[in-house]
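Examining the three-dimensional arrangement
Next come the chains, spelled out residue by residue.
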Amino acid sequence: MDDVVRILAVADEVAHNLTPARIQMCRPDLVVACGDLPWDYLELIASSIDSPVVFVPGNHDRAIAPGRQARNGAYFHSGLLVDPPRPHGAVNVDLRVIDVAGLRIAGLGGCVRYRDGPHQYTQREYHRRAAKLVRRARRLARNAPGQVDLLLTHAPPRGVGDEEDRPHLGIEALHTVVAKLQPTLHLHGHIHPHGRTMADRTLGSTTIRNVVPFKVIDFRPGHPVESSTYSATTPPSSTGPAA
């Protein structure tokens, strides 16, 4: 159907069977990356297609040089307008809300702090970051009405698909983000399947999906998300089940 947006979602593990030819066969309208992936891997994906690529950083991603990002996405360092630190061909949506490929996307990167390193925050820091993200979503909605379709994070909400070991605890503040923004779909990484089937979870009307190492999702804005999806074990094609 014309309003379906095909999303290629990747996270945490390099999928060696996700070749440029396979990506092109999939024909994604949008690529989203949920963190902890080499930048050259994202650049390979971005160079394989003529579709937008957006990402949030994970806790194993390189530190991003300090700077200031304006509301329109312009990036400034030492007072100068510079190219933002990112994989070439990709846009960092951490703490941002943007409209791309017919979807409104909100992003929140990193994980709950468990050691020193970039892109790690305490639960209290996440509550502050979450409040800032919600304010930005509401500000955008005042200027361009519409709801958030997709919430993109690295880690899952606390108690909803996370694990009890300290490095893999979920983010408490995501419960507030989901309740206030009510995205149709929340995609994340950080939790490795290790051969398990990672079932969808829900918070209210929001479907939460772990996309490690990749998923291909046919998404209809404003419609409930079905459980079927292409995965790393299902070859994506130009036709198939909607999700």
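Relevant structure appears above.
This report concerns the structure included in the present document. (Residues numbered from 1 in each chain as written. Predicted model: local features only at pLDDT ≥ 70, side-chain atom pairs only at ≥ 80, totals over all residues. Heavy atoms only, no water.)

Moving on, we come to the nonpolar core. The biggest cluster of nonpolar side chains holds 25 residues, and the ones touching the most others in it are Ala106, Tyr126, Leu133, Leu151, Ile171, Val177 and Leu181. Breaking this core down by element, the ones donating at least two residues are strand 9 (103-108), strand 10 (111-112), helix 3 (123-143) and helix 4 (174-181). Top element by residues in this core is helix 3. It accounts for 5 residues. (Core = buried A, V, L, I, M, F, W, Y, C linked by side-chain atoms within 4.5 Å. Buried < 20%, exposed > 50% of the residue type's maximum accessible area, 1.4 Å probe, protein only. Helix = DSSP H or I, 4+ residues; strand = E, 2+ residues; numbered from the N terminus.)

In this section: the pairing of strand 15 (residues 206-210). Within strand 15, 5 of the 5 residues are buried, which leaves it mostly tucked inside the rest of the structure. Side chains of strand 15 alternate between two faces, with Thr206, Ile208 and Asn210 and Thr207 and Arg209 buried alike. Where strand 13 (residues 185-188) lies against strand 15, 4 bridges are found, and the strand directions are parallel. Bridging across to strand 15, His186 finds its partner in Ile208. The pairing of strand 14 (residues 201-203) with strand 15 spans 3 bridges and is antiparallel. Counted as the bridge partner of Leu203 is Thr206 from strand 15. Taking the residues between adjacent antiparallel strands as the criterion, strand 14 and strand 15 are bridged by 2 residues, where Gly204 takes a positive phi near 60°. (Pairing = 2+ DSSP bridges.)

Moving on, we come to the sheet that holds strand 15. The 6 strands lie next to each other as 8-9-12-13-15-14, forming an open sheet whose pairing is mixed. Every interior strand has two partners, whereas the edge strands, strand 8 (97-100) and strand 14, have only one. Shown here is a sheet whose adjacent strand axes are inclined to one another by a mean of 25°, direction ignored. Across the sheet, helix 3 lies against strand 8, strand 9 and strand 12 (150-153), angled at about 160° from strand 9, the strand it touches most. Strands strand 9, strand 12, strand 13, strand 14 and strand 15 of the sheet are contacted by helix 4, whose axis makes an angle of about 165° with strand 12. (Axes fitted to C-alpha atoms, helices over the stretch in contact; angles between N-to-C directions. Contact = heavy atoms within 4.5 Å.)

Moving on, we get to helix 4. Regarding helix 4, the residues found buried are Leu174, Val177, Val178 and Leu181. End-on view of helix 4: buried residues confined to an arc of 95°, all on one side of the axis. Check the buried side of helix 4 and you find it contacts strand 9, helix 3, strand 12, strand 13, strand 14 and strand 15. (Arc of directions from axis to C-beta.)

Let us now look at unusual backbone geometry. A cis geometry characterises the amide bond from Val212 onward to Pro213, with omega recorded as -10°. Assignment of secondary structure puts Pro213 in the loop between strand 15 and strand 16 (214-219). The phi dihedral of Ala101 falls on the positive side, at around 55°, and the residue is not glycine. By the secondary structure assignment, Ala101 is in the loop between strand 8 and strand 9. Using a relative accessible area of 30% as the deciding quantity, one classes Ala101 as partly exposed.

With respect to the helices and strands, the residue His119 is situated in the loop between strand 10 and strand 11 (120-121). Among the polar contacts made by the side chain of His119, one reaches the main-chain carbonyl oxygen of Arg62 at a distance of 2.9 Å. Look past the residues within four positions of His119 in its chain and what remains in contact with it is Pro57, Gly58, Asn59, Asp61, Arg62, Ala63, Ile64, Gly110 and Cys111. (Polar contact = N/O pair within 3.5 Å; in protein donor to acceptor, adjacent residues only side chain to side chain.)

All right, on to the pairing of strand 13 then. Because side chains alternate across strand 13, one face comprises the buried residues Leu185 and Leu187, and the other comprises His186 and His188, equally buried. Bridging between strand 12 and strand 13 involves 3 bridges; their strand directions are parallel. Paired with Leu152 across the strands is Leu187, a residue of strand 13. With helix 4 bridging strand 12 and its parallel neighbour strand 13, the resulting β-α-β unit is right-handed. (Right-handed = clockwise from strand over helix to strand, strands pointing away.)

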